[in-house]
Amino acid sequence: MEDELPGGYWDAAGQLHRTFELSPLTGYDEELLAGVDGAALVSTVLSRCVRRLGTISPVPAEVAEDLLVADRLYLLLRLRRATFGDAVNASLICPWPECGRRISLAFSVDDVPVVRSASPAATYTVALGDPCVGEAEFRLPTGADQEALADEVDRNEARALTGLLTRCLLRLGTVHSPASEQITALPSATRAEIERRMHDVAPRVEQTLETTCPECGRALIAPFDIHRFLFGDLRTDARLLYQEVHYLAFHYHWSERDVLDMPRDRRRVYIDAIAETIGAMNDGT
Ligand SMILES: [Zn+2]
């Protein structure tokens with residue numbers, strides 16, 4: 001199955017890689033992801049599961065790290081669909097105070113709104129209102145930026161934002177790679193202009209869904225944290241994974257490693273085959 005990233009990856013030679021092929025998570029990936037929440041693991045798993053990106057194959061972890069934030073989310077969504085199917089169930093409290101009831105929502109992975117880049121580019125420029133600065137040139141934030149700033153986001157969000165601008169701003173007027181002091185010194189209106197333009201040209205995978213409460217019928221916006229959904233599914237299934245490994249190793253005499261290298265669908269096919277055989281033996285057929 002071939003698909004296209006909402007943004008795309010620009011290699012060092014200036015070539016855009018946008019189409020990709022994916023293979024579902026194997027038991028080994030499930031085990032890896034279920035253990036830790038780290039953003040770094042996302043790069044490892046993406047490099048294992050994205051079989052091809054444009055003309056890049058295999059995809060090194062450093063390339064997975066340098067993918068745009070939205071492209072990584074999109075790949076995680078596709079990976080979730082390839083591994084667990086497209087149905088998503090979420091349980092939440094209706095935010096309307098008069099209702100406040102616990103509701104469960106069912107939707108499809110394909111309902112998650114994706115905004116694709118109309119004109120993908122390696123860098124963008126923005127003309128600023130301040131004539132002293134003129135214009136700014138920037139690139140869009142990547143997984144590597146997120147990983148580098150993850151701790152700072154928890155400690156001080158404003159400083160993390162300055163850190164992000166420092167990493168992504170390539171030029172401010174005639175100054176190349178401006179230092180964080182120069183960015184902190186920018187008037188807030190100028191900074192807002194840069195941030196707005198960044199937002200406008202970036203591809204997006206929305207992490208909210210507009211829906212209606214089945215209890216009170218009112219419109220609500222449900223948060224949909226893609227990482228948490230994928231990792232949540234994996235955690236719930238971690239115990240089941242080991243039961244499946246045990247079951248297949250026991251019946252087929254395969255090693256744990258062999259079983260973990262299979263995607264979930266293949267494991268299920270073998271488990272069904274064993275169940276059928278056992279059923280047939282019990283029926284005497
Ligand atoms: Zn409600």
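Just so we're clear, the structure is a prediction, and the values are computed from it rather than from any experiment.

A. Representation of the environment of Tyr 124 within the structure. Mapped onto the fold, Tyr 124 is located in strand E7 (residues 124–127). Residue classification places Tyr 124 among the buried residues on the basis of a relative accessible area of 8%. Sequence-distant contacts of Tyr 124, that is, excluding residues within four places in its chain, are made with Ser 119, Ala 136, Glu 137, Phe 138, Leu 140, Arg 197 and Val 201. In this structure the side chain of Tyr 124 is engaged in a polar contact, spanning 3.1 Å, whose partner is the backbone nitrogen of Ala 121.

B. Representation of the coordination of the zinc ion within the structure. Of the protein atoms, only Cys 94 (SG), Cys 99 (SG), Cys 213 (SG) and Cys 216 (SG) coordinate the zinc ion, at distances of 2.3 Å. The coordination sphere of the zinc ion comprises four donor atoms, whose angles at the metal cover 103 to 117 degrees; the geometry is tetrahedral. One chain supplies every donor for the zinc ion, spaced along it as C-x4-C-x113-C-x2-C. Of the two residues, Cys 99 is situated in the loop between strand E4 (87–93) and strand E5 (102–108) and Cys 213 in the loop between strand E12 (208–212) and strand E13 (219–223); the sequence distance between them amounts to 114 residues. For Cys 99, a relative accessible area of 11% corresponds to the buried category. Residue classification places Cys 213 among the buried positions, given a relative accessible area of 3%.

C. Expanded view of the sheet that holds strand E9 (residues 169–172). Across the sheet, four strands lie side by side as E7-E8-E9-E10; this open sheet has antiparallel pairing. Either end of the sheet is taken by a strand with one partner, and the two such strands are E7 and strand E10 (175–176). With two bridges connecting them, E9 and E10 associate as antiparallel partners. By the bridge assignment, Leu 172 is partnered in E10 with Val 175. Contacting strand E8 (135–138) and E9, helix H6 (residues 157–168) crosses the sheet at an angle of about 80 degrees to E9. Its contacts with the sheet put helix H8 (residues 188–201) on E7, E8 and E9, and the angle it makes with E7 is roughly 140 degrees.

D. Layout of the environment of Asp 225. Mapping Asp 225 onto the fold places it in the loop between E13 and helix H9 (226–252). Expressed as a C-alpha distance, the spacing of Asp 225 and Val 45, which sit 180 residues apart in the sequence, is 18 Å.

E. Representation of the nonpolar core within the structure. Of all hydrophobic cores here, the largest spans 35 residues; its most connected members are Phe 20, Leu 53, Leu 75, Val 205 and Phe 224. Those elements that provide at least two residues to this core are strand E1 (2–10), strand E2 (16–22), helix H2 (39–49), strand E3 (50–53), helix H3 (61–65), helix H4 (69–84), E4 and H9. A per-element tally of this core places H4 first, with seven residues. Not counting residues within four places of it along the chain, the set of residues in contact with Leu 75 comprises Leu 5, Phe 20, Leu 22, Leu 46, Val 50 and Leu 67. Judged by nonpolar contacts, the second largest core, of 18 residues, contains Phe 138, Leu 140, Leu 169 and Ala 202.

F. How the structure looks around unusual backbone geometry. Cis geometry is found at the peptide bond from Ser 57 to Pro 58, where omega equals -5 degrees. In this fold, Pro 58 is placed in the loop between E3 and H3. Phi at Ser 177 takes a positive value of approximately 40 degrees, unusual for a residue other than glycine. Tracing the backbone shows Ser 177 in the loop between E10 and helix H7 (180–184). One non-glycine residue with positive phi stands out, namely His 253, at about 60 degrees. Tracing the sequence through the fold places His 253 in the loop between H9 and helix H10 (256–260).

G. Molecular detail of the domain arrangement of the protein. Here the protein is partitioned into domain 1 (1–84 + 224–285) and domain 2 (124–202). Here the C-alpha centroids of domain 1 and domain 2 sit 34 Å apart. Listed as interface residues are nine residues of domain 1 and, on the opposing side, seven residues of domain 2. When the buried surface of domain 1 facing domain 2 is broken down by residue, Glu 65, Leu 68 and Val 69 rank first, second and third, together holding 60% of it. Here domain 1 is connected to domain 2 by one salt bridge.

H. Local environment of the pattern of salt bridges. Overall, the coordinates contain 18 salt bridges when judged by the stated rule. We note a salt bridge from Glu 215 to Arg 101, for which the minimum N-O separation is 3.3 Å. Here Glu 215 is found in the loop between E12 and E13, whereas its partner Arg 101 is found in the loop between E4 and E5, with 114 residues between them in sequence. Ionic pairing is found between Glu 152 and Arg 155, a salt bridge with its closest N-O pair at 3.1 Å. With Glu 152 and Arg 155 both in helix H5 (residues 143–155), this residue pair falls three residues apart, about one helical turn. One continuous salt-bridge network, built from bridges that share partners, spans Asp 3, Arg 78, Arg 81 and Asp 110.

Criteria and thresholds
Residues numbered from 1 in each chain as written. Predicted model: local features only at pLDDT ≥ 70, side-chain atom pairs only at ≥ 80, totals over all residues. Heavy atoms only, no water. Helix = DSSP H or I, 4+ residues; strand = E, 2+ residues; numbered from the N terminus. Buried < 20%, exposed > 50% of the residue type's maximum accessible area, 1.4 Å probe, protein only. Contact = heavy atoms within 4.5 Å. Polar contact = N/O pair within 3.5 Å; in protein donor to acceptor, adjacent residues only side chain to side chain. Donors = N, O, S within 2.8 Å, 3.2 Å for Na, K, Ca; no water. Tetrahedral: all angles 85-135°; square planar, octahedral: opposite > 155°, others 65-115°. Pairing = 2+ DSSP bridges. Axes fitted to C-alpha atoms, helices over the stretch in contact; angles between N-to-C directions. Core = buried A, V, L, I, M, F, W, Y, C linked by side-chain atoms within 4.5 Å. Domains from an automatic or database assignment. Buried area = accessible area lost by both parts, 1.4 Å probe. Salt bridge = Lys/Arg side-chain N within 4 Å of Asp/Glu carboxyl O.

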